[in-house]
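Observations on the model geometry
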Amino acid sequence: MRIGELAERTGTPPRLLRYYEEQGLIRACRRPNGYRDYDEATVDRVAQIRGLLEAGLPTRLIKKILPCLDQPRNIYFPDATPETLAELEGERERMDRRIECLTRNRDAISAYLDQVRRCRD
């Protein structure tokens, strides 16, 4: 598929898709006319990348862990230095804190909605 279709299917601007390609996060074949051609699996890959970016991971770290997210899951991390592992642990802890905060906020909103609905009935 061409970049415009990938952009539409993933909700990701073409400029950002080109950036992902520059960073080595996704790959495209080139057609004879020079247009990029992405395979179907790139749709899921872009969703993974966006999710990891939204979680706060930097692209350099995403590039390292993306191969571990492929199916079937063959965990192979040849350059897992102590620094990289520490960084991943730190990111996981930060995500855990964010999840806890989001859960508290969701529960507060749910309680508010429940109370409003009870008062209306």
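Structure: see above.
Summarised in this report is the structure supplied together with it. (Residues numbered from 1 in each chain as written. Predicted model: local features only at pLDDT ≥ 70, side-chain atom pairs only at ≥ 80, totals over all residues. Heavy atoms only, no water.)

1. Things to note about the layout of surface pockets
Within this model, the largest pocket holds a volume of roughly 490 Å³. As for the largest pocket, its lining consists of 19 residues, of which L25, I26, R27, R45 and D70 are closest to the centre. In terms of residues, the lining of the largest pocket owes the most to one element, helix α3 (residues 41–54), which gives 4 residues. Taken together, the residues that form the lining of the largest pocket break down as 9 nonpolar, 4 polar and 6 charged. (1 Å grid on protein atoms, 1.4 Å probe; cavity = no way out; pocket = protein on both sides within 12 Å on 5 of 7 lines; lining within 4 Å. Points joined across faces, edges and corners; volume = space filled by probe spheres on them. Helix = DSSP H or I, 4+ residues; strand = E, 2+ residues; numbered from the N terminus. Nonpolar A, V, L, I, M, F, W, Y, C, P; charged D, E, K, R; others polar.)

2. Let's talk about the pattern of salt bridges
The tally for this structure, following the rule as stated, stands at 7 salt bridges. One salt bridge in this structure joins D37 and R31, with 3.5 Å as the shortest N-O distance. Overall, R31 belongs to the partly exposed group, its relative accessible area being 32%. (Salt bridge = Lys/Arg side-chain N within 4 Å of Asp/Glu carboxyl O. Buried < 20%, exposed > 50% of the residue type's maximum accessible area, 1.4 Å probe, protein only.)

3. A closer look at the nonpolar core
By size, the foremost hydrophobic cluster in this structure holds 19 residues, and its most contacted members are L6, L17, Y20, I26, I49, L57 and I62. Of all the secondary structure elements, the ones that give two or more residues to this core are α1 (3–10), α2 (14–22), α3 and α4 (59–65). With residues up to four places along the chain from it excluded, the contact list for L17 reads I3, L6, A7, T12, I26 and V46. (Core = buried A, V, L, I, M, F, W, Y, C linked by side-chain atoms within 4.5 Å. Contact = heavy atoms within 4.5 Å.)

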